[in-house]
Amino acid sequence: MTTGVAELKSKLSHYLAMVQKGKQVIVTSHGHSIARLVPVESTGSDLKIAPARRPVSTLKRIKGLKLKVDLVADLFADRRGR
């Protein structure tokens, strides 16, 4: 089955119910296929959650990159060149 983006948005529950029943839905935009909705193969029960290796508080210690160039100046120069 094929549907456009606007139709999918307006009837999302309908199309998701079809996918849940095992059907495949191709989503198109301006006549071109852009996505495919298919049923999930597994229920996710086989997924395992790995515990964090470090506490969240260590994220505060991440330092930014120090660049040798001025990105803002380069951006302005690029825009002036257009």
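Structure first, text after, so check above.
These lines cover the structure that appears in this document, whether it is placed above or below.

The rules behind each value
Residues numbered from 1 in each chain as written. Predicted model: local features only at pLDDT ≥ 70, side-chain atom pairs only at ≥ 80, totals over all residues. Heavy atoms only, no water. Helix = DSSP H or I, 4+ residues; strand = E, 2+ residues; numbered from the N terminus. Buried < 20%, exposed > 50% of the residue type's maximum accessible area, 1.4 Å probe, protein only. Contact = heavy atoms within 4.5 Å. Patch = residues over 30% accessible without salt bridge, like charges linked within 9 Å, V, L, I, M, F, W, Y side chains within 5 Å. Areas by Shrake-Rupley, 256 points an atom, 1.4 Å probe, with all protein chains shown as cover. Salt bridge = Lys/Arg side-chain N within 4 Å of Asp/Glu carboxyl O. Core = buried A, V, L, I, M, F, W, Y, C linked by side-chain atoms within 4.5 Å. Pairing = 2+ DSSP bridges. Axes fitted to C-alpha atoms, helices over the stretch in contact; angles between N-to-C directions.

### Quick word on the environment of A35
On the secondary structure map, A35 appears in strand β3 (residues 32–37). By relative accessible area, A35 is classed as partly exposed at 35%. Between the C-alpha atom of A35 and that of S13, which follows or precedes it by 22 residues, the distance is 17 Å. Contact partners of A35, with chain neighbours within four places excluded, come to V25, I26 and V27.

### Side note on a nonpolar patch on the surface
Taken together, the side chains of L65, L67, V69 and L71 make up a nonpolar region of the molecular surface, amounting to roughly 460 Å² of accessible area. Positionally, L71 belongs in helix α3 (residues 71–80). Exposure remark for L71: the relative accessible area of 53% places this residue in the exposed category.

### A closer look at the nonpolar core
Counting six residues, the largest nonpolar core is built from L8, Y15, M18, V19, V25 and V27. Breaking this core down by element, the ones donating at least two residues are α2 (12–20) and β2 (25–29). At three residues, α2 tops the list of elements feeding residues into this core.

### Here's the deal with the environment of D78
Along the chain, the position of D78 falls in helix α3. Classification of D78 by relative accessible area gives partly exposed; the value is 38%. Separated by 22 residues in the primary sequence, D78 and V56 place their C-alpha atoms 39 Å from one another.

### With respect to the sheet that holds β2
If you walk across this open sheet you meet the three strands as β1-β2-β3, and the pairing is mixed. Each end of this open sheet is capped by a strand with a single partner; those strands are β1 (2–4) and β3. In this sheet, neighbouring strand axes are inclined to one another by 35° on average, regardless of whether the strands run parallel or antiparallel. Examined bridge by bridge, β2 and β3 share five bridges and lie antiparallel to one another. Residue V27 lies in a different strand from β3, and its bridge partner there is A35.

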